[in-house]
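Below, each chain spelled out in residue letters.
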Amino acid sequence: MVTKCWKYYVKISLVTHLCIILMLAKAEDVSSVTDVLATDSTGTTWERLSNTSSIDVYTTPMSNDSIENRSTTTVPSTRAPVLTAVRKQAQPTDCSQREKSRSQPIASSSSRIQKCCPLGENLDFYRENQSDSMCDNAVLGFEPTVISAVLYDNCIEDLEIPTELPIEIGNPCNSVNFFSSFQYEDTEDLFFVLQDGSLLIIDKNGNESYTVQQNYCLDQDKSGHLLAFICITQVEEVSKAKVVIVAIMMLISMPCLLLVTYLHLTLKLLRNLHGWSLAMMSLCLACGYFVHSMVHIYDIPSGGFIGYVIQFFILSFFFWFFCICCNVLLNIWYKLPRYIQFNKTWTIVNFGAYCAFAIVGPAILVTLTVQKGLQGMPSYFQQGLTESIRESQRYFIPPVSTLLGLSFLVMVMSFFGFQRIKTNGYLRANDDEKDNANPIRPFDQQKYEDVKKDAKCVALLGIIIILAWLFEIVTFYSPGNEVYLLLCDMINGLQGLWIMLIFLVVRRRRTIICRWWHDRGTHTISDGTELQAVTKPLNPT
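Keep in mind that what you see is a predicted model, and the values were worked out from it rather than measured.

Criteria and thresholds
- Residues numbered from 1 in each chain as written.
- Predicted model: local features only at pLDDT ≥ 70, side-chain atom pairs only at ≥ 80, totals over all residues.
- Heavy atoms only, no water.
- Helix = DSSP H or I, 4+ residues; strand = E, 2+ residues; numbered from the N terminus.
- Buried < 20%, exposed > 50% of the residue type's maximum accessible area, 1.4 Å probe, protein only.
- Contact = heavy atoms within 4.5 Å.
- UniProt positions renumbered as here; feature names shortened; annotations may be inferred.
- Core = buried A, V, L, I, M, F, W, Y, C linked by side-chain atoms within 4.5 Å.
- Salt bridge = Lys/Arg side-chain N within 4 Å of Asp/Glu carboxyl O.

## Focus on the overall build of the chain
Counting secondary structure elements, the chain contains 15 helices and 12 strands. Each of the 541 residues in the chain was classed as buried or not, and the buried ones make up 39%. Considering only residue pairs separated by 6 or more positions, the chain has 73% of its internal contacts joining residues 24 or more positions apart.

## Considering the UniProt feature "transmembrane region" (unreviewed entry) in the chain
As annotated in UniProt, the feature "transmembrane region" (unreviewed entry) corresponds to residues 243–265, 277–298, 310–334, 346–370, 395–418, 457–477 and 483–506 in the numbering used here. Here residues 310–334 runs as 100% helix and 0% strand, with 36 Å between its end C-alpha atoms.

## Here's the deal with unusual backbone geometry
Its identity as a non-glycine residue notwithstanding, asparagine 154 has a phi of 55°, on the positive side. Within the secondary structure, asparagine 154 is located in the loop between strand E4 (149–152) and strand E5 (155–158). When its relative accessible area of 26% is taken as the criterion, asparagine 154 is described as partly exposed. Unusually for a residue other than glycine, glutamate 160 sits at a positive phi of about 55°.

## Examining the nonpolar core
Counting residues in hydrophobic clusters, the biggest one holds 70 residues, and the most contacted among them are Phe318 and Trp320. Looking at this core, the elements that each hand over two or more residues are helix H5 (240–266), helix H6 (273–297), helix H7 (305–335), helix H8 (344–372), helix H10 (397–424), helix H11 (445–477), helix H13 (495–505) and helix H14 (507–518). Per element, the largest residue contribution to this core is 15 residues, and it comes from H7. In this structure, Ile113, Leu165, Val193 and Leu226 belong to the second largest nonpolar core, which totals 13 residues.

## Topic: the pattern of salt bridges
A full pass over the atoms with the stated rule returns 4 salt bridges. We note a salt bridge from aspartate 219 to lysine 115, for which the minimum N-O separation is 3.0 Å. Of this pair, aspartate 219 sits in strand E11 (residues 216–220) while lysine 115 sits in strand E1 (residues 113–115); the two residues are 104 residues apart in sequence, bridging distant segments of the chain. Of the two residues, aspartate 219 and lysine 115, both sit in the buried class. Here lysine 372 makes a salt bridge to glutamate 121, at a shortest N to O gap of 3.3 Å. A residue pair is termed long-range when its members are at least 10 positions apart, and lysine 372 in helix H8 and glutamate 121 in strand E2 (residues 121–125) qualify at 251 residues. Like lysine 372, the residue glutamate 121 is buried in the burial classification. Each of Glu121, Lys372 and Arg394 takes part in one network of salt bridges that share partners.

Here it is, written out as structure tokens:
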């Protein structure tokens with residue numbers, strides 16, 4: 001009996017010791033695994049794994065099931081083989097094992113950052129009224145992040161090369177306001193400007209890791225938030241055939257304008273203050289048309305210096321037309337009633353004042369255009385299909401429209417000036433002398449006729465210029481590609497031809513030009529010389 005009890009207790013003690021030994025072995029295994037996970041030398045801490053998983057989601061979106069399975073993993077169930085499996089499923093920390101994208105951003109001389117508002121202005125963004133957005137004076141500086149990157153399949157490698165790009169002003173989208181475009185904000189989305197000027201958008205909640213957009217614009221609101229606007233629809237481009245046709249029309253106008261300039265600078269009867277002003281007006285339009293046509297025919301980039309040159313010449317043309325209208329007004333309201341005849345010196349001074357006005361005015365407008373960072377290319381023969389083009393005409397269309405409106409008012413005042421001269425009896429001054437002691441000063445009848453014919457020429461010229469400008473406004477603000485728009489552009493392109501035809505309509509100028517053409521190549525001998533009687537004998541034999 002004692003022997004059986006002893007054997008029973010021995011078995012129980014052996015089983016107990018074995019259980020204790022097994023439990024100690026398990027505890028030792030768990031402690032060793034915990035030490036491995038806690039060491040920094042292996043680089044596989046839970047913190048690093050969690051960071052790796054977050055980077056994987058950032059670059060390669062994963063399903064919610066995989067994220068939940070990974071987050072519910074417990075420490076006791078983690079073994080060395082399980083850790084190996086996690087390492088195999090984790091994505092690489094760099095893009096070396098990814099496939100490169102076919103289209104890579106490449107920086108070039110035409111790379112630009114597209115800013116919505118002009119330089120020195122920010123978005124005036126009202127969140128309570130989502131239909132109101134405009135530009136206002138800048139409160140904060142515009143400093144977007146520009147990176148040099150290489151694009152891979154759902155992966156982006158930042159080369160960390162400092163990159164600076166020039167700024168291009170305007171919204172390239174075909175929209176009236178910003179809210180017809182896709183909108184991104186830096187507080188909710190992550191976007192950068194690449195080295196080629198395109199916009200890299202990283203969508204944290206989308207199905208793709210990133211997208212690259214070409215038609216966009218960036219700007220800040222007054223609160224300091226950076227916003228990006230992406231075009232919804234593709235902007236239609238003007239056909240090359242239309243551009244070439246209009247350029248050919250401009251080249252046809254050039255010889256006509258140069259002929260008008262030559263005649264008013266060489267013919268003695270046309271070489272006066274009015275003729276000099278007409279010559280400079282025609283010359284400015286000819287220069288603007290020539291550079292404009294070369295840009296369109298040879299696809300020369302219109303931005304930068306060459307665009308500002310075209311803007312200066314076209315603006316100077318309208319300023320000279322306003323000077324011509326003012327010259328008629330000055331003659332009919334001041335010089336003729338007061339019997340004032342400018343000598344050569346005062347005529348040169350008067351012409352110098354017109355030159356200063358026609359040069360300084362356009363120069364100020366071009367300077368403002370450069371200061372705001374807008375394109376200098378005028379609206380001639382192009383459509384305002386985008387907000388960028390429409391914004392670039394801030395210092396062209398409004399000033400020209402104002403000048404033409406003032407010119408029309410000046411011509412109306414000149415008309416009443418002619419009526420005043422007839423009513424006050426200046427034309428009958430020679431016949432209405434009251435007495436011989438105080439005779440009325442004789443009225444310059446010839447000067448009056450010359451001014452009257454000049455005014456008739458200016459009136460016809462004004463009709464041509466104003467109608468051409470109205471056609472230009474219709475073309476610029478029309479969204480479609482109708483045939484009548486091309487017809488309007490062709491009429492505007494032949495503006496030089498219409499100006500030359502005016503001098504064939506006005507009888508006095510037509511007579512002077514025809515007489516010059518008939519007598520071209522002959523020598524004019526002044527009166528009182530010995531050869532005077534020999535030049536034109538009355539009865540040659």
